[in-house]
Amino acid sequence: LGAANRFFERALETSPEDISALVGLSEVHDRAGRFLAAVRTLDRAARLLQARGDHTKAADVIARLGDLWSREPKEGLETAALRYRQAIMLVPGHAGALYGLVDVALAQGDHGRARASLEELLRALDEGRADVDRQELYFRLGQVLRDGGELNHAVMYFQKALQGER
């Protein structure tokens, strides 16, 4: 990790706004257990991308920030949800952010919010704004509905997943 850290630091010395180097350095910080450094580095990348008007890449980076925060035991889930919502504001239907919101909602025991996020992702898929595996989405929706006690609806989505329906 030390060599990778030095590599990305040198790259940033010559090109301080290199998004790939910032994302790579953030990954190194994360793997080394330097959570706040990873967050600061990704946050810098997200701000630069937004300033450049690259909302798609900015949303991807912000969703990654949500992923980082979702692993923090204390108030990480709320911050993760905030980051995921920020990504969705930039790119409505952002699949990674919506799946992240599902995970946060389930971690908090809120099957209703998890269902709403999955249904939003299904709408985005139907409208061509998201590129996810439809059967996987149906299966995940079936699981959330089953766990939330909505067995009839769950069965419907499980059947759609198994039959490969659109």
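Higher on the page you've got the structure.
These remarks concern the structure in this document.

So, how was this worked out
- Residues numbered from 1 in each chain as written.
- Predicted model: local features only at pLDDT ≥ 70, side-chain atom pairs only at ≥ 80, totals over all residues.
- Heavy atoms only, no water.
- Salt bridge = Lys/Arg side-chain N within 4 Å of Asp/Glu carboxyl O.
- Helix = DSSP H or I, 4+ residues; strand = E, 2+ residues; numbered from the N terminus.
- Buried < 20%, exposed > 50% of the residue type's maximum accessible area, 1.4 Å probe, protein only.
- Axes fitted to C-alpha atoms, helices over the stretch in contact; angles between N-to-C directions.
- Parallel < 35°, antiparallel > 145°, perpendicular 65-115°, else oblique.
- Left-handed = near helix turned anticlockwise from the far one by under 90°.
- Contact = heavy atoms within 4.5 Å.
- Nonpolar A, V, L, I, M, F, W, Y, C, P; charged D, E, K, R; others polar.

Topic: the pattern of salt bridges
At step 1: Here the structure, examined in full by the defined rule, presents 13 salt bridges.
At step 2: Across the salt bridge formed by Arg52 and Glu17, the nearest N and O atoms sit 3.8 Å from each other. Residue Arg52 is located in helix α3 (residues 35–52), and its partner Glu17 is located in the loop between α1 (2–14) and α2 (19–31); the two are separated by 35 residues in the primary sequence.
At step 3: Exposure remark for Arg52: the relative accessible area of 46% places this residue in the partly exposed category.
At step 4: Residue Asp103 pairs with Arg140 through a salt bridge whose shortest N-O separation is 2.3 Å. Of this pair, Asp103 sits in helix α6 (residues 95–107) while Arg140 is found in helix α8 (residues 134–147), placing the two residues 37 residues apart along the sequence.
At step 5: Note on Asp103: relative accessible area 41%, which makes it partly exposed.
At step 6: Connected through shared salt-bridge partners, Glu27, Arg31 and Arg64 make up one network.

Concerning the packing of α2 against α3
At step 1: Where α2 meets α3, the closest approach of the two axes is 7 Å, and the angle between their N-to-C directions is 160°. One element, α2, and the other, α3, form an angle in the roughly antiparallel class. Pair α2 / α3 crosses with left-handed handedness. Of the residues in α3, those in contact with Ile19, Leu22, Val23, Leu25, Ser26, His29 and Asp30 of α2 are Ala37, Ala38, Thr41, Leu42, Arg44, Ala45, Leu48, Leu49 and Arg52.

Observations regarding the packing of α6 against helix α7 (residues 111–126)
At step 1: Running from N to C, α6 and α7 cross one another at 165°; their axes reach a closest spacing of 7 Å. The angle between the axes of α6 and α7 places the two elements in the roughly antiparallel class. α6 and α7 meet at a crossing whose hand is left-handed. Counting all contacts with α6, which are made through Ala95, Leu98, Tyr99, Leu101, Val102, Ala105 and Leu106, the residues of α7 involved are His111, Arg113, Ala114, Ser117, Leu118, Glu120 and Leu121.
At step 2: Its residues placed into classes, the contact of α6 with α7 shows 10 nonpolar, 2 polar and 2 charged.

Quick word on the environment of Val28
At step 1: Mapped onto the fold, Val28 is located in helix α2.
At step 2: In this structure, the C-alpha to C-alpha distance between Val28 and Asn5, residues 23 residues apart in sequence, is 6.2 Å.
At step 3: Excluding residues within four positions of it along the chain, Val28 makes contact with Leu1, Ala4, Asn5, Phe8 and Arg34.

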